[in-house]
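Next come the chains, spelled out residue by residue.
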Amino acid sequence: MRATAARIGGQHAVNAFAQKIDLAKLTPEQFTQVLETLHMLGSTGSGVELSSLSTEVLVDIVSRASREQIKAIADHPELRGVFLDEIFRRMSDQFMEDKARHVNFVVSWRFLEGSGEDGFDRFQTVIEDGVCVSSVDLGRAPDTTITLSVEDFIRMATGNAAVAAMFVTGKVKVKGEYAPAVRFSSYFDIPKPG
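Please read all numbers here as calculations on a predicted model, not as lab measurements. (Residues numbered from 1 in each chain as written. Predicted model: local features only at pLDDT ≥ 70, side-chain atom pairs only at ≥ 80, totals over all residues. Heavy atoms only, no water.)

Some remarks on unusual backbone geometry
Positive phi is not limited to glycine here, since Glu113 has a value of about 60°. Positionally, Glu113 belongs in the loop between β3 (105-111) and β4 (121-128). Taking relative accessible area as the criterion, Glu113 reaches 62% and is therefore assigned exposed. For Asp129, which is not glycine, the phi dihedral falls at a positive 50°. For Asp129, the position within the fold is in the loop between β4 and β5 (131-135). (Helix = DSSP H or I, 4+ residues; strand = E, 2+ residues; numbered from the N terminus. Buried < 20%, exposed > 50% of the residue type's maximum accessible area, 1.4 Å probe, protein only.)

Right, here's the structure in full:
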């Protein structure tokens, strides 16, 4: 049975803690140590875990983190997967089904420098009939395949990067239909960075 996490001022203690951290004072290594500790506490069933962060606080953390700190997450053997899983898990929560009621497509995601046999970490997002499902592999033929770095994806998925600029500069590569890739973020209610 999971422990009930403490609340401070009506919000989860992890959110209060995360909002108080002065990320500018942390090196990338210290930043990942804080996240490792939260992840470790969550794996013990303590009720203090990264998944307890509200989406608004997660977006705020990414907006306050330096490029080097986000790169440290992407390069970390465990936190990389934890952050990818967390972002994809939240997609269905942030999905605006009314905007995608008549939209059907499959996006395959390929993340550079991954642990897969071809050098990529892979996920899929399926949007069908107003429902969004994301997972490591849903076994579906993609309409669009998007290739990018994990750090760029973290920034893009949290509204902390200009998606159009990432396409123009080549940081995001698209194979297949371009329209789903370009419109993808418009189907989600991503909180604005603090």
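Right, picking up where we left off after that structure.
Description of the environment of Arg64
For Arg64, the location among the structural elements is in helix α3 (residues 55-64). Its relative accessible area of 30% is what places Arg64 among the partly exposed residues. In sequence terms Arg64 and Leu23 are 41 residues apart; their C-alpha atoms lie 6.6 Å from each other. In this structure Arg64 touches Ala18, Gln19, Ile21, Leu23 and Gln69, once residues within four positions along its chain are discounted. A distance of 2.9 Å separates the side chain of Arg64 from the backbone oxygen of Ala18, its partner in a polar contact. Of note is the side chain of Arg64, whose polar atom sits 2.6 Å from the backbone oxygen of Ile21. (Contact = heavy atoms within 4.5 Å. Polar contact = N/O pair within 3.5 Å; in protein donor to acceptor, adjacent residues only side chain to side chain.)

Things to note about the pattern of salt bridges
Counted according to the given criterion, the structure contains 10 salt bridges. The closest approach of N and O atoms between Asp60 and Arg64, which form a salt bridge, is 2.9 Å. In this pair, Asp60 and Arg64 are both assigned in helix α3, 4 residues apart and thus about one turn of the helix distant. Classification of Asp60 by relative accessible area gives buried; the value is 17%. Of the charged contacts in the structure, one is a salt bridge between Arg80 and Asp121, with a shortest N-O distance of 2.5 Å. (Salt bridge = Lys/Arg side-chain N within 4 Å of Asp/Glu carboxyl O.)

Re the side chain of Gln69
Structurally, Gln69 is set in helix α4 (residues 67-75). There is a polar contact of 2.7 Å between the side chain of Gln69 and the backbone nitrogen of Ser66. Every residue in contact with Gln69, bar those within four places of it in the chain, is listed here: Leu23, Leu26, Thr27, Pro28, Phe31 and Arg64.

So, the sheet that holds β5
Across the sheet, which stays open at both edges, the 5 strands sit in the order β5-β4-β3-β6-β7 with mixed pairing between neighbours. The sheet is open, and its two borders are formed by β5 and β7 (173-176), each paired with just one other strand. If you compare each strand with its neighbour and ignore which way they point, the axes differ by 20° on average. The pairing of β3 with strand β6 (residues 144-148) spans 5 bridges and is classified as parallel. Residue pairing across strands places Val107 opposite Thr144, the latter belonging to β6. Each of β3, β4 and β5 is contacted by helix α5 (residues 79-94), which is oriented at about 0° to β4, the strand it contacts most. (Pairing = 2+ DSSP bridges. Axes fitted to C-alpha atoms, helices over the stretch in contact; angles between N-to-C directions.)

Some points on the packing of aromatic side chains
Scanning the model with the defined rule gives 14 aromatic pairs in all. Taken together, a centroid distance of 5.9 Å and an interplanar angle of 65° make the contact between Phe88 and Trp109 edge-to-face. Note that Phe88 is positioned in helix α5 and Trp109 in strand β3, a separation of 21 residues in sequence. Here Phe88 and Trp109 have matching classes, each one buried. Centre to centre, the rings of Trp109 and Phe111 are 6.4 Å apart; their planes meet at 0°, and the pair counts as stacked. For the pair shown, Trp109 and Phe111 are each scored as buried. (Phe/Tyr/Trp six-rings, centres within 6.5 Å; stacked < 30°, edge-to-face > 60°.)

Thoughts on α3
Within α3, 7 of the 10 residues are buried, which leaves the element mostly enclosed by the surrounding structure. Contacts made by the buried residues of α3 are with α1 (13-20), α2 (28-43), α4, α5 and α6 (150-157).

Everything listed is a geometric property; what it means functionally is a separate question.
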